[in-house]
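Structural features, examined
The chain contents come next:
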Amino acid sequence: MAKEIYDSLAMKRALTRMTYEIIEKNKGIDNLVLVGIKTRGVYLAQRIAERMKQLEGATVPVGALDITLYRDDRNDDLDAPIVRDTELGVDIEDKHVILVYDVLFTGRTIRAALDAIMDLGRPQKINLAVLVDRGHRELPIRADFVGKNIPTAMNEEISVYVEEVDGNDGIDLKKMF
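Residues numbered from 1 in each chain as written. Predicted model: local features only at pLDDT ≥ 70, side-chain atom pairs only at ≥ 80, totals over all residues. Heavy atoms only, no water.

Using the following cut-off: UniProt positions are given in the numbering used here, feature names are shortened, and annotations may be inferred rather than shown by experiment.
As recorded by an unreviewed UniProt entry, the protein carries the name Bifunctional protein PyrR and is attributed to Ligilactobacillus hayakitensis DSM 18933 = JCM 14209. Heading Sequence similarities (unreviewed entry) of the UniProt record for the protein holds this comment: "Belongs to the purine/pyrimidine phosphoribosyltransferase family. PyrR subfamily." The UniProt entry for the protein carries the following comment under Subunit (unreviewed entry): "Homodimer and homohexamer; in equilibrium."

Written as structure tokens, this is what we have:
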């Protein structure tokens, strides 16, 4: 049974707070590129970019990154992975890239994203923004901007829902076994 941790309003507040933190830490939005890790990270990045435009009056480019081929947990003996397009739409060379993702857990997805980004160019700097940090890192990776820290047990799962994919916004916590 799932327990709602954040409703749509709380999620919007967390994204707004993250947006202010990103702007403040970077002293504006010059040279920024937001790169969402597919799937939900892309929609979160777009929302942050929309809020930045409202606050700063300028558009920050948003790209979409598919890390399927960079994952260390895929089994090549099984079906071929489904690769979605990586549509950065902007040169990341010498840019400040903010990777955006929904839930930071072991760190393996972020490691894969870093490998993918480096294959596309050499950014000046990379930061990580996550809506939820649930702990249990297996790699030395931490987020620079966090919407909500939600400590979890290993038998729990965090689910992030976005209107664009799921029909509603929210964050749920559920026990797996």
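There is more to say after this.
**Here's the deal with the sheet that holds strand S5 (residues 125-133)**
Convention followed: DSSP bridges decide pairing: two strands pair if at least two such bridges lie between them. Helix numbers and strand numbers start at the N terminus; a helix is a DSSP run of H or I with at least 4 residues, a strand a run of E with at least 2. Simply put, an axis is a line fit to the C-alpha atoms, just over the touching stretch for a helix, and the angle between two N-to-C directions goes from 0 to 180 degrees. In what follows, a contact means two residues having at least one pair of non-hydrogen atoms within 4.5 Å.
Pairing in this open sheet of 5 strands is parallel, and the strands run S3-S2-S4-S5-S6 from one edge to the other. The sheet is open, and its two edges are formed by strand S3 (62-65) and strand S6 (145-149), each paired on a single side. Strand after strand, the sheet turns through a mean of 25° between neighbouring axes, direction not considered. Direction of pairing for strand S2 (residues 32-37) relative to strand S4 (residues 96-104): parallel, over a ladder of 5 bridges. Bridged to Gly-36 within S4 is Val-100. Here helix H2 (residues 40-56) sits on the sheet and contacts S2, S3, S4 and S5; the angle it forms with S2, its principal contact strand, is near 150°. Across the sheet, helix H3 (residues 108-120) is in contact with S2, S3, S4 and S5; its angle to S4 comes to roughly 155°.

**Structural notes on the nonpolar core**
Inclusion rule: Take the buried residues of types Ala, Val, Leu, Ile, Met, Phe, Trp, Tyr and Cys, join any two whose side-chain atoms come within 4.5 Å, and each joined set is a nonpolar core. When a residue's accessible area, from a 1.4 Å probe over protein chains only, is under 20% of the maximum for its type it is buried; when over 50% it is exposed; and in between it is partly exposed.
Core analysis: the biggest nonpolar cluster contains 30 residues, and Leu-34, Met-52, Leu-131, Val-160 and Ile-171 have the highest contact counts within it. Taken together, the elements giving at least two residues each to this core come down to helix H1 (8-25), S2, H2, S4, S5, strand S7 (156-161) and strand S8 (170-175). Top element by residues in this core is H1. It accounts for 7 residues. Other than its neighbours up to four places away in sequence, Leu-34 contacts Ala-45, Ile-48, Ala-49, Met-52, Val-60, Pro-61, Val-62, Gly-63, Ile-98 and Val-100. Membership of the second largest hydrophobic core comes to 21 residues, among which are Ile-67, Leu-88, Leu-99 and Tyr-101.

**Comments concerning the sheet that holds strand S1 (residues 2-6)**
Taken in spatial order, the 3 strands line up as S1-S8-S7 in an open sheet, and their pairing is antiparallel. The open sheet is flanked by S1 and S7, the only strands paired with a single partner. Each neighbouring strand pair of the sheet contributes to a mean axis angle of 30°, computed without reference to strand direction. Sheet analysis places S1 next to S8, joined by 4 bridges and oriented antiparallel. Bridge pairing in S8 links Lys-3 to Leu-173. Along the sheet face, H1 touches S1, S7 and S8 and points at about 40° away from the line of S1.

**Points about the environment of Ala-2**
As for its placement among the helices and strands, Ala-2 is situated in strand S1. You can call Ala-2 partly exposed: its relative accessible area is 40%. Through-space distance from the C-alpha of Ala-2 to that of Lys-174 is 4.3 Å; in sequence the pair is 172 residues apart. Apart from the residues within four sequence positions on either side, Ala-2 is in contact with Asp-172, Leu-173 and Lys-174.

**Observations regarding the packing of H1 against H2**
Filter applied, for reference: With respect to orientation, any angle under 35 degrees is reported as roughly parallel, any angle over 145 as roughly antiparallel, any angle of 65 to 115 as roughly perpendicular, and every other angle as oblique. Each crossing gets its handedness from the near helix: less than a right angle anticlockwise from the far helix is left-handed, clockwise is right-handed. Any residue outside Ala, Val, Leu, Ile, Met, Phe, Trp, Tyr, Cys, Pro, Asp, Glu, Lys and Arg is labelled polar, Gly included; the first ten of those are nonpolar and the last four are charged.
The interhelical angle for the contact between H1 and H2, taken along N-to-C directions, is 60°, at an axis separation of 9 Å. Compared by their axis directions, H1 and H2 come out oblique. For the element pair H1 and H2, the recorded crossing hand is right-handed. In this structure, H1 contributes Met-11, Leu-15, Thr-16, Met-18, Thr-19, Tyr-20, Ile-22 and Ile-23 to the contact, and H2 contributes Leu-44, Arg-47, Ile-48, Arg-51, Met-52, Leu-55 and Glu-56. Split into classes, the residues belonging to the contact of H1 with H2 amount to 10 nonpolar, 2 polar and 3 charged.

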